[in-house]
Amino acid sequence: MEKIIRLSLANIRKHKFEFVSLMILVMMCVLLIGSALSAVLGAFKIFPDAMKNTGSYENFISILKKDYDKEFENIMREHPLVEQISSARMLYGGIKTRYINKNGEQVTIPQSFITADNSAGLERPVIDTTLTDEEISKLEHWVYMPYVMYDSGKYRVGDTFEMICNTKRFSFTVAGFYETLFLGDMSNGIKMIVSDSDYHMLKDVIPEYVVLAYNDNQGQGGYDLFKELYDKFEEYSGKEIDKKSFYLLYSDMEYYISESAYLLLQIIVAMAIVIVLSVIVMIRFRIAGDIKEQVVNIGVLKALGYTSMEITVSYVLEYLLMAGLSVIIGMIGCFMLTPVLLRMCELIVEHRGCGSVSPLPIFLTGLGVLVLVGVIAFIRAIMVRKYLPVHAFRKGQGDHRFGREYFPLSKTKYSVHFRFALKEFVCNFKRNIGLMVCITISVVAVVFSFVVFNVFCNGLDAIYAITGIELSDLQVELEPSSDAGILAEELEQMPEVRKVLPTSAYNTIVVAITPDGNRGMLPLVFHDFDDTENVFPIDGRFPKHDNEIMLTKYDAKWDDIVVGDSIILEHTGVKKTYIVSGVTTAMAGGIFYITYDGIKRLVPDYRFDKVNIYLEDGVDVNDFRYLIEEKYSDNFYGSEKEKNGDFAITDIVDMKEIMSTQLVSTVFAVRVGVSIFMTLSAVVVMIILFILMESSVRQRRKEFAIMKGLGYTSHQLMFQLACCIVPSVIISVVIGTLISFAVIELIIDYYGKVNIDISGVIVLDIVILIFCFLCAFTGTRKIRKISVCELMTE
Amino acid sequence: MNSSILHTKKLCKTFSNSGTQQHVIKNLDLEIYKGDFTVIMGSSGSGKTTLLYALSGMDKPTLGKVYFGEEDISAYSNDELAVFRRNHCGFVFQSIHLLESMNVFDNVMTGALVLQKNSPELIRKVEELLIKVGITKEMWGKYPNQLSGGECQRVGIVRAVINDPQILFADEPTGSLNSASGRDVMDIFTQLHSNGQSIVMVTHDVRTAMRGNRVIFISDGAVVGEYKMPLYSKDDMTSRKDGLQNFLDRMGW
């Protein structure tokens, strides 16, 4: 064993740089996989732990107080799947509530307000505050906020929180924070605990709801139970419950909390896989190169009596030593990185409770990587079996080429250095395939990240473009019986307004009759779709006639419908056939696009109930919203108010702003993930090229010395060697880009089309090419140290 | 007397190894003349190869100067030395040092293309030179390990002279060859010299040294003797050999 260890250590001493580079790759691999897996376990805990710690109910149905009936609770209680129920009163402003954030900007976020007593009916809030009860009691208007307002909103105890509802502003002093699953994040909304007096004050402007909370054994009843209960409520009350009622189920909360964290962690694991593949290719390349380089020594060792297995084991041991050190450092790193990832997960999911680091996945990762490295090294090193001792005396003749001379120098047309590079590329084709695999994977990662980054992080225009809905500057939603036309005409007269488009606010559900079953769908109605600015057909055209509709790509794929097919729509027993005139991109299905005349065929009493407002350039959206809130203050549809005039405004919404607020955590996750992905891809490519170039320089040391003797300068030789990876990189960049486009296409196939910035990708590809060349050029720097005098010692 | 092409002033070369310094060349002053076939001789470890490498810009002196014409090449950077070598020098090594990954033709072309642009004239020149040294067309596509040592050295010579160097350096060019191959190789050197090529060659073989017209003897890193001969001719072999042998005997050979 001692002699094997000696052989391994001698090898390590000879290849210190490659040893360290591979160590870094393996360490990164352990670090990423270990901490990502450990963080996944932590992320898994957030929801159940938060559920346990807050004592929260599992499902919540919030019904406008006017629609609520005490008997609903009995209906729930009698259902066999419902285990426990509770109810509470709460004010819920929905998207009409905004607040002034720490930067002084207005942020639209659904806000609800509840008293401490009512809150206790839904959960056991544990208030985190630095103030005493006495200090709190002295505050005129205090508020306890969900932790998300501490973490993302940057609020602290004692800060002023300014809430806006329609034209009214309310000021509170932040008295503490608490964890809550029900309305405790930016996406679903935030729930504030306020004093009884403030609750009554807010009740004048914010509609009151009754929250019916129930447990169904960790979401066993799911959506079906909710639907059944809801139908029973409507059946009992004999009327349709207002669409402004909303629900939050166990599965929704669990999904929301997990989704963003998983997105980040999946990106990290994908990156780790890229590194694992690179490590495999590099180990194979390193051992093969080393054996070739040392074929004479191997022959001598065999002549001295070393067996193939002993020599193989010495190689395996060398790589196991490297992997062992990397695994130890990587695992230590995991224990430091995982808490950061866990905290990041908490920030992304906007809830606390990731818990501590789980050591098991970290240890298992370390073990797995160690075994993988050992197996790969063994499979490759066993090739020493084919070398007989005679190779020592033939100076490795067995490895010499007798084949065709590729790119003969006599055919040189331009630069002899390029010619040398091409010769080198062809001579090491097998090695270059490995390099191509590594770089291709990294290019896929980088290009994919770039496209995702452009969509998510470079402003939100790209996301808006794939929503499939019309996103004007402001949308005024009306009570369904209102006449949107009158309001539209009035708004159009205002100098700040460029254009208005009456449309539908998704209050009408139409059933699509498909071979796979019937589905409820919402119509998006316009007089003329050519007037829209954010709906784009990706196949066919907009509906123009009253017998045409346009579908989302998602629905078209789902129902296997193509442009030109017919589809039957039904509403209250009336069935009409429509031709699919086009398909559009959309983030989800469930909506279809139809003209006003078209919907009238199916729903004769249909009326527009929403007005899209497009403002002139330079008009501030918030200022204009304030203006129309003031102007139409008597037309607002309040919880207790009656319709005034020809229309009643229910909400004035800036959908873009709402989307941007709701996408904050997703954008953050994507930004972090993509940045890590791109950086690590670059680091991996850099290390691979360094290893490759260092090995090449060592293997061709004598050749370079001869060429220096002939008058080639160090820079020319460095250029030649660096150029020899260029064909591999070009092929990898092209293949990698095409694969990443295919992956993107595959992912978005259901949604429609993402406009890929082709020129940006081309620039990125050129940057990758230059980066690779520079890394390779730098990696060849040891050519400078090669002296012609080395030939003297031959 | 021919004009000087290369000269040294107080040339010193010292190697350090584990704290001990070995002064291989000591304050050496030497002049190499254009058109001469200068042979450097000396016992093992006398510093003859070190001197050759210092003269040719393969290595930098520790102290002193090496002048190519009026140009001080001892002050050149490594890359400047490479340019100097490509423009003015050709090399023939004892171990031949052909590029094993390239065939015969490309080995020569590697030397040619470092200085010249590829052209039909260049290709023709390579072909002619190869034929001239006895490397037939059938061998052009062969790799070095498919050739004999003598054949390889002949290819090495063609590679060295393909750019018409002003001075050709040779370090024991027959050292690794059998006597027949060695003779063939030296015939080529003689032919080159008779065509006016300046040659500086290191050897410890008297038969090889006889091809030169000036023999410099080195001992302990210093020039201790010089012997001049007429141009090589097969007719006066005996007197040539005796004269050189006498000189070497005096030098303590």
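Our subject is the structure that appears above.
Residues numbered from 1 in each chain as written. Chains lettered and ligands numbered in written order. Predicted model: local features only at pLDDT ≥ 70, side-chain atom pairs only at ≥ 80, totals over all residues. Heavy atoms only, no water.

Scanning chain B from terminus to terminus reveals eight helices and ten strands. For a compact globule of 253 residues, the expected C-alpha radius of gyration is about 18 Å, and chain B comes in at 18 Å, within 12% of that figure. Looking at chain B as a whole, 57% of its 253 residues qualify as buried. For chain B, restricting intrachain contacts to residue pairs at least 6 apart in sequence, the fraction spanning at least 24 positions comes to 69%. About 10700 Å² of surface is accessible on chain B, with carbon and sulfur atoms providing 46% of the total. (Helix = DSSP H or I, 4+ residues; strand = E, 2+ residues; numbered from the N terminus. Rg over C-alpha atoms; globule rule 2.2 N^0.38 Å. Buried < 20%, exposed > 50% of the residue type's maximum accessible area, 1.4 Å probe, protein only. Contact = heavy atoms within 4.5 Å. Areas by Shrake-Rupley, 256 points an atom, 1.4 Å probe, with all protein chains shown as cover.)

Time to look at the packing of aromatic side chains. Residue and element names in this part refer to chain A. What the rule picks out here adds up to 39 aromatic pairs over all chains. Ring geometry for Tyr147 and Phe177: centres 6.5 Å apart, planes at 10°, overall stacked. Of this pair, Tyr147 sits in the loop between strand 6 (142–146) and helix 6 (148–151) while Phe177 sits in strand 8 (residues 168–178); the two residues are 30 residues apart in sequence, bridging distant segments of the chain. Each member of the pair, Tyr147 together with Phe177, is buried. With 5.1 Å between their ring centres and 80° between their planes, Tyr150 and Phe177 make a pair best called edge-to-face. Of this pair, Tyr150 sits in helix 6 while Phe177 sits in strand 8, and the two are 27 residues apart along the sequence. (Phe/Tyr/Trp six-rings, centres within 6.5 Å; stacked < 30°, edge-to-face > 60°.)

Looking now at a negative patch on the surface. Where like charges cluster on the molecular surface, the negative patch consists of Glu489(A), Glu490(A), Glu492(A) and Asp646(A). Note on placement: Glu489(A) falls in helix 17 (residues 484–492). (Patch = residues over 30% accessible without salt bridge, like charges linked within 9 Å, V, L, I, M, F, W, Y side chains within 5 Å. Salt bridge = Lys/Arg side-chain N within 4 Å of Asp/Glu carboxyl O. Lys, Arg positive; Asp, Glu negative; His and termini not counted. Charge placed at Lys NZ, Arg CZ, Asp CG, Glu CD.)

Residues and elements named next belong to chain A. Counted under the stated rule, the structure contains 28 salt bridges over all chains. The shortest N-O distance in the salt bridge between Glu208 and Lys203 comes to 3.8 Å. Its relative accessible area of 7% is what places Glu208 among the buried residues. In this structure, Asp231 and Lys227 form a salt bridge, with 3.0 Å as the shortest nitrogen-oxygen distance. Linking Asp231 with Lys227, this pair stays in helix 8 (residues 222–237), spanning four residues, or about one helical turn. Owing to a relative accessible area of 34%, Lys227 belongs among the partly exposed residues under this scheme. Overlapping salt bridges, with partners in common, bring together Lys65, Lys203 and Glu208 in one network.

So, about the sheet that holds strand 4 (residues 63–68) of chain B. Sheet strands pair by backbone hydrogen bonding; their relative direction is either parallel or antiparallel. All names here are of chain B. Read from one edge of the open sheet, four strands run 2-1-4-5, paired in antiparallel fashion. The sheet is open, and its two borders are formed by strand 2 (20–33) and strand 5 (71–72), each paired with just one other strand. Examined bridge by bridge, strand 4 and strand 5 share two bridges and lie antiparallel to one another. Looking across to strand 5, one finds that Phe68 is bridged to Glu71. (Pairing = 2+ DSSP bridges.)

On to empty space enclosed by the protein, then. According to the stated counting rule, one finds five cavities of 30 Å³ or more in the structure shown. By volume, the largest cavity is sized at about 70 Å³. In terms of lining, the largest cavity is formed by Gly709(A), Leu710(A), Arg85(B), Arg86(B), Cys89(B), Gly90(B), Phe91(B), Gly111(B), Arg159(B), Ala160(B) and Asn163(B). Where the lining of the largest cavity is concerned, the elements lending two or more residues are helix 23 (701–710) of chain A together with helix 2 (78–88), strand 6 (89–92) and helix 5 (149–161) of chain B. The biggest single contributor to the lining of the largest cavity is strand 6 of chain B, with three residues. Here the lining of the largest cavity is built from residues that sort into four nonpolar, four polar and three charged. In this structure, the second largest cavity encloses a volume near 50 Å³. (1 Å grid on protein atoms, 1.4 Å probe; cavity = no way out; pocket = protein on both sides within 12 Å on 5 of 7 lines; lining within 4 Å. Points joined across faces, edges and corners; volume = space filled by probe spheres on them. Nonpolar A, V, L, I, M, F, W, Y, C, P; charged D, E, K, R; others polar.)

With that settled, the discussion passes to the nonpolar core. Ile283(A), Ile725(A) and Phe189(B) are the most contacted members of the largest nonpolar core, which totals 154 residues. It is helix 9 (residues 250–293) of chain A that provides the largest number of residues to this core, a total of 15 residues. Counting 39 residues, the second-largest nonpolar core is a separate cluster that includes Leu474(A), Val510(A), Ala512(A) and Leu615(A). (Core = buried A, V, L, I, M, F, W, Y, C linked by side-chain atoms within 4.5 Å.)

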